[in-house]
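As a plain string of letters, each chain reads:
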Amino acid sequence: MSVMLLILLLLGAGVVAWVSERVNTTLPNWIALITFIAATLWVLVIWFNGPDTSGLYADLNREWIPRFGIYLHLRVDALSLMLIGLTTFLGIVAVVSSWTETKTRHGFFQFNILWVMAGVVGVFSAFDLFLFFFFWEVMLIPMYFLIAIWGHEDKEYASMKFFLFTQISGLLMLVAIVALVWINYDISGVLTFDYDVLKKANLDIATARLLMLGFFIAFMTKLPSVPVHTWLPDAHTQAPTAGSVILAGILLKTGAYGIIRFVVPMFNEASREFWIWGMSLGVVSILYGGYLAYSQTDFKRLVAYSSIAHMGFILVGVYSFSKLGTQGAIITMIAHGFSTAALFMMAGALQERLHTREMSKMGGLWVRAPRMGAVTMFFVVASVGMPGLGNFIGEFLVLIGAFQKSVVLTVFAAIGIVVAAVYGLSLMQRSFQGVPNPDVPKVHDFAFREMSVMVLLMIALIWVGIYPQSLLQMTAPLLSGLIELPS
Amino acid sequence: MKLATMFQAGLPYLVLTGGLLVVMIGVAIKRTHAVAAVLTIATLIATTLSHIVAYSALGDGAVQIDSMFKIDGIAYLFNILFLLAALVVAFLGSEFLNRRIRFKEEFYLLLLCATLGSLVLPAAVHFASLILGLEIVGISLYAMIAYPEKARPPLEAGLKYLVLSGVGSTALLFGMAMIYAGSGSMEFANSLPSDGSMEGQYFYLIGNAFFWSGIAFKLSLVPFHIWTPDVYHGAPSIVTGFLATVSKGAVFAVVFRYAIEGNVLDSGNVQFALSVIACISMVIGNLLALLQTNLKRLLAYSSIAHMGYLLIALLVVESNSALGYETVILYLVGYFLMTLAAFGVVSVLSMNQEQELETIDSIGGLLWRQPIAGAVLIVSAISLAGIPLTIGFFAKYYLFYAGIDGGMWTLIGALVVGSAIGIYYYLRIVFTAIKRPLDDAEAMTGLPWTGLGILVVLGLCILALGIYPTNLIDLIQNVVQASGF
């Protein structure tokens, strides 16, 4: 029940925020901020109360459309809870990062942010495939609005591309879902969209392969992995800061979540055959994403391409079919959410101050804004994979897991960490170090508002980095259900 | 069959015809717009409500009236859908007539007549009743399309529709004659050639080729779609809304009857031809819609694609007729709501202007200039694209389910490709509506409140059924089962 209430809280707050625009233009911001803080506290309470005997934090199963055996089935296990926590927490970051950025229609802006988050919470907790697809699509429309209304110069192209990529791959997934349900109905005579039932569907391997691909393509597009990654740099570059934070921090994770939750457990045999493709795509994404990141001159675009590289590690980890690899992928999801959200917030802050994202027009900013410099340094180093910070744990576990499966691919994936250091440090040098650019006007350094969220993000990354056990032991009981053949 | 039962089952038709006569005599005595409008709306509501009384006459199964009509629950569902659509057209039409037209009252006569024709079709099980219903709808529509007497485009559109629809009807009649030559019967149920001779088979096939060509004209399926954009464009938007929904839905209702009663889809040739038509309609309709800059033309091409989608529901009838009926009814409910909403927005926005809204650019920033109409247009476009939270998503889901149930993978492929292309131009409408309005864009004020109210109702229905379609789905399923499928 508690998840449904959380979703309804976000949806309701969205409407209230929209309406409150008439009273005062900053009121929507406050409503959204308070909602996200409340939601985060709520998640923390559920977290500390601990799971019930079956390892679940919440479970709700109500009839929705009995004609097709569709249920409103929301369930929160450890994996879902972590990602929901990440979602509500990054909600705070998103609201704070765009506090002064939006100049028009504040209410509708916060409405869209709250509704995207509601959709994402639904995605992370739906255990009915129809419901999952429903939320999967629901989160797109507000995101489209965020990019299309408040985006930068090329927003029409970017928002359209984003929407088309995700929609078309989503259609493939819909066909796969309906086909799976229908085949299961044909075999067992039970018409249901329930995750647990369909997981045990008795498919022949040829069908399973095709259906698996339908799901995989949808999730791969959202992740994104090479070769369907091209929407991401455009969408990120054009999106307003809050949009980028949500997109990189959370929306990409829905793709990773889908692979971990649906593709691998539901089509286990077919996925096991597929491992070499999954891992290779991951490695290619790591290297190609890193290479492209290095060649960017646009601050935001560079961070966007680096996301592709980091998401490659998730593919490598999941398709290693080892417990360590999968745990590494999950930790990477969380840590990347924190570090990239911070970097995109920085990109947004720079654009607001300098009116450009071009790094050639920056240079030597550290002198003028030392707090911004230090913060950027911290998150760049985190994203590069410095031990002691979250990203390192994730990528390290992925590499250990993958090593047992394929040494060659692991070696190439490990090279990706070196590439990350190259583009990460070059980002730092080109924007914050070097000779100050004389054309740059005075830069306001981060004030309390921005510093407070940045400090929160830092604490989160350090926590994941030095005490990953707290997360690992939560997900450990789930792993056998996620990566092993159903008995 | 007892006479009393027949009259009870036919009550909606009697009420509608009676109301039609009252409106006609009323107009003949004294021309008063308000009276005509109120009488029309009252007639439509009374006819809708009379289905409740009539439904008990059906018992289980259907009431057969002569060999011409078979009235069952499914026919009633279609009827109610058409009547509600006609009601929306009457409400929006009254505002349109008030502001734009000098001679207003005949419009209502034509509307009631066309509605009566469309009510005949879902119950028709005989070629004679088919052509009767089709021509009542068609002839009323010729006049409705050309209704604004002074403007040139509506006249042109009316004439075009007259000629081409006439050609379509001719093909249809000729096809019926050939089928009759093969089988010796005009009833759907006996339309298969009786003696199994080679000659009979040829007549049957040629007859069906002509028959379905005529139907494809009426449904504007590729390659018989040429008239559609011109007529949709030229006609007053509210009439276009009626043409795009009720007249199409009624034809679908009757071909479903023909396909099921006559087992037409047992013929592999007919099935193949329909599959090909469905595929090319989905793909070409959507592709041509991409190129449009005129909103009404865009919607015309998109309706071609939607008719192509609906053929999937028709084709599944061969293996699972209950699912076919469920799919077509649910899809039509969704399609009616979103199409009426889209044309309704165009109509309401154009009411204060000499010329109807033309280009997509003219709705730039609509959400900020006229929030109600803008929001409804966006909801309608999102629904047409088949995205969740709207009824359009469930409609599309039903098609996928039906297609997979029938194992029609090629059609599913075409549906995916078509929908993917479709998203692009529907989103263009959404993007145009939400973008920052030009500085010289005039604020849209003084729009009629009834019109906006109707639009809000349509928009809310799209959303409500998109979130909780359970009751609607159950209703349709129960009625389809009660009708003996």
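Conventions and cut-offs
Residues numbered from 1 in each chain as written. Chains lettered and ligands numbered in written order. Predicted model: local features only at pLDDT ≥ 70, side-chain atom pairs only at ≥ 80, totals over all residues. Helix = DSSP H or I, 4+ residues; strand = E, 2+ residues; numbered from the N terminus. Rg over C-alpha atoms; globule rule 2.2 N^0.38 Å. Buried ≥ 20, exposed ≤ 12 C-beta atoms within 10 Å, placed from the backbone. Contact = placed C-beta atoms within 7 Å. Pairing = 2+ DSSP bridges. Core = buried A, V, L, I, M, F, W, Y, C linked by C-beta atoms within 7 Å. Nonpolar A, V, L, I, M, F, W, Y, C, P; charged D, E, K, R; others polar. pLDDT = per-residue confidence, 0-100. Axes fitted to C-alpha atoms, helices over the stretch in contact; angles between N-to-C directions. Parallel < 35°, antiparallel > 145°, perpendicular 65-115°, else oblique. Expected span 1.5 Å × (residues − 1).

## Thoughts on the overall build of chain A
Within chain A, the regular secondary structure consists of 21 helices and 2 strands. For chain A, whose C-alpha radius of gyration is 21 Å, the value lies close to the compact-globule estimate of 23 Å for 487 residues. Considered along the principal axes of its C-alpha atoms, chain A spans approximately 75 × 60 × 45 Å. A buried classification covers 61% of the 487 residues belonging to chain A. Put simply, 80% of the contacts in chain A that link residues at least 6 apart link residues at least 24 apart.

## Some details on the overall build of chain B
Secondary structure summary: chain B contains 19 helices and 2 strands in total. Against the compact-globule benchmark of 23 Å for 485 residues, chain B has a radius of gyration of 21 Å, which places it among compact chains. Projecting the C-alpha coordinates of chain B onto the three principal axes gives extents of approximately 75 × 55 × 45 Å. Scored against the burial criterion, the 485 residues of chain B give a buried share of 59%. Considering only intrachain contacts with a sequence separation of at least 6, the fraction spanning at least 24 residues in chain B is 79%.

## So, the pairing of strand β2 (residues 70-76) of chain A
Residue and element names in this part refer to chain A. With 5 of its 7 residues buried, β2 lies for the most part within the structure. As paired elements, strand β1 (residues 58-65) and β2 share 7 bridges and run antiparallel to each other. Directly across from Ile65, in β2, lies its bridge partner Ile70.

## A few points about the nonpolar core
Residue and element names in this part refer to chain B. In this structure, Ile312 and Leu377 are the most contacted members of the largest nonpolar core, which totals 387 residues. With 20 residues, helix α13 (residues 321-350) is the largest single contributor of residues to this core. Sequence-distant contacts of Leu377, that is, excluding residues within four places in its chain, are made with Ala342, Val345, Ile363, Leu366, Ile429 and Ala433.

## Comments concerning the interface of chain B and chain A
Counting residues at the interface gives 22 residues for chain B and 23 residues for chain A. Among the elements of the structure, α16 (391-405), α17 (409-434) and α19 (470-482) of chain B are those that each provide at least two residues to the side of chain B that touches chain A. With 9 residues, α17(B) is the single largest residue contributor to the side of chain B that touches chain A. Each residue belonging to the side of chain B that touches chain A can be placed in one class, and the counts come to 17 nonpolar, 3 polar and 2 charged.

## A look at the environment of Gly249(A)
Residues and elements named next belong to chain A. Within the fold, Gly249 resides in helix α11 (residues 241-266). Classification of Gly249 as buried rests on a count of 29 C-beta atoms within 10 Å. Taking the C-alpha atoms as reference points, Gly249 and Ile334, 85 residues apart in sequence, are found 8.4 Å from one another. Other than its neighbours up to four places away in sequence, Gly249 contacts Leu90, Gly337, Thr340 and Ala341.

## With respect to the environment of Pro142(A)
Residues and elements named next belong to chain A. Tracing the backbone shows Pro142 in helix α6 (residues 140-150). Assessed through the 22 C-beta atoms surrounding it within 10 Å, Pro142 is described here as buried. Excluding anything up to four places from it in sequence, Pro142 contacts Asn112, Trp115 and Val116.

## Observations concerning the confidence of the model for chain B
In this model, chain B carries an average pLDDT of 91, and 98% of its residues clear a pLDDT of 70 or more. With a pTM of 0.93, the predicted complex shows an ipTM of 0.90.

## With respect to the packing of helix α10 (residues 237-261) of chain B against α13(B)
With their axes 7 Å apart at the nearest point, α10(B) and α13(B) run at an angle of 170° to one another. Of the possible angle classes, the one that applies to α10(B) and α13(B) is roughly antiparallel.

## With respect to helix α14 (residues 299-318) of chain A
In an α-helix, one turn spans 3.6 residues; hence positions three or four apart end up facing the same way. Taking 1.5 Å per residue as the helical rise, α14(A) with its 20 residues ought to reach 28 Å, and the 30 Å between its terminal C-alpha atoms agrees with that figure. Within α14(A), 20 of the 20 residues are buried, which leaves the element mostly enclosed by the surrounding structure.

## A few points about unusual backbone geometry
The peptide bond linking Leu223(A) to Pro224(A) adopts the cis configuration, its omega dihedral lying at -15°. Here Pro224(A) is to be found in the loop between α9 (205-222) and α10 (231-238). Omega for the peptide link from Val222(B) to Pro223(B) comes to 5°, which places this bond in the cis form. Positive phi values are uncommon outside glycine, yet Asn263(B) reaches one of about 50°. Looking at the secondary structure, you find Asn263(B) in the loop between α10 and α11 (268-290). In this structure Asn263(B) comes out as partly exposed when scored by C-beta crowding, with 15 C-beta atoms within 10 Å. Not every positive phi belongs to a glycine, and Leu389(B) is a case in point at roughly 80°. With respect to the element layout, Leu389(B) can be found in the loop between α15 (371-384) and α16. Here Leu389(B) falls in the partly exposed class, since 19 other C-beta atoms lie within 10 Å of it.

## As for the environment of Asp230(B)
When you line up the elements, Asp230(B) lands in helix α9 (residues 227-234). Beyond its immediate sequence surroundings of up to four residues, Asp230(B) is in contact with Ala157(B) and Lys160(B).

## Some remarks on the packing of helix α8 (residues 198-219) of chain B against α10(B)
All names here are of chain B. Contact geometry for α8 and α10: axes closest at 9 Å, N-to-C directions at 155°. Judged by the angle between their axes, α8 and α10 are roughly antiparallel. The residues of α10 that touch α8, namely those facing Ile215, Lys218 and Leu219, are Lys248, Val251 and Val255. Classifying every residue of the contact of α8 with α10 gives 4 nonpolar, no polar and 2 charged.

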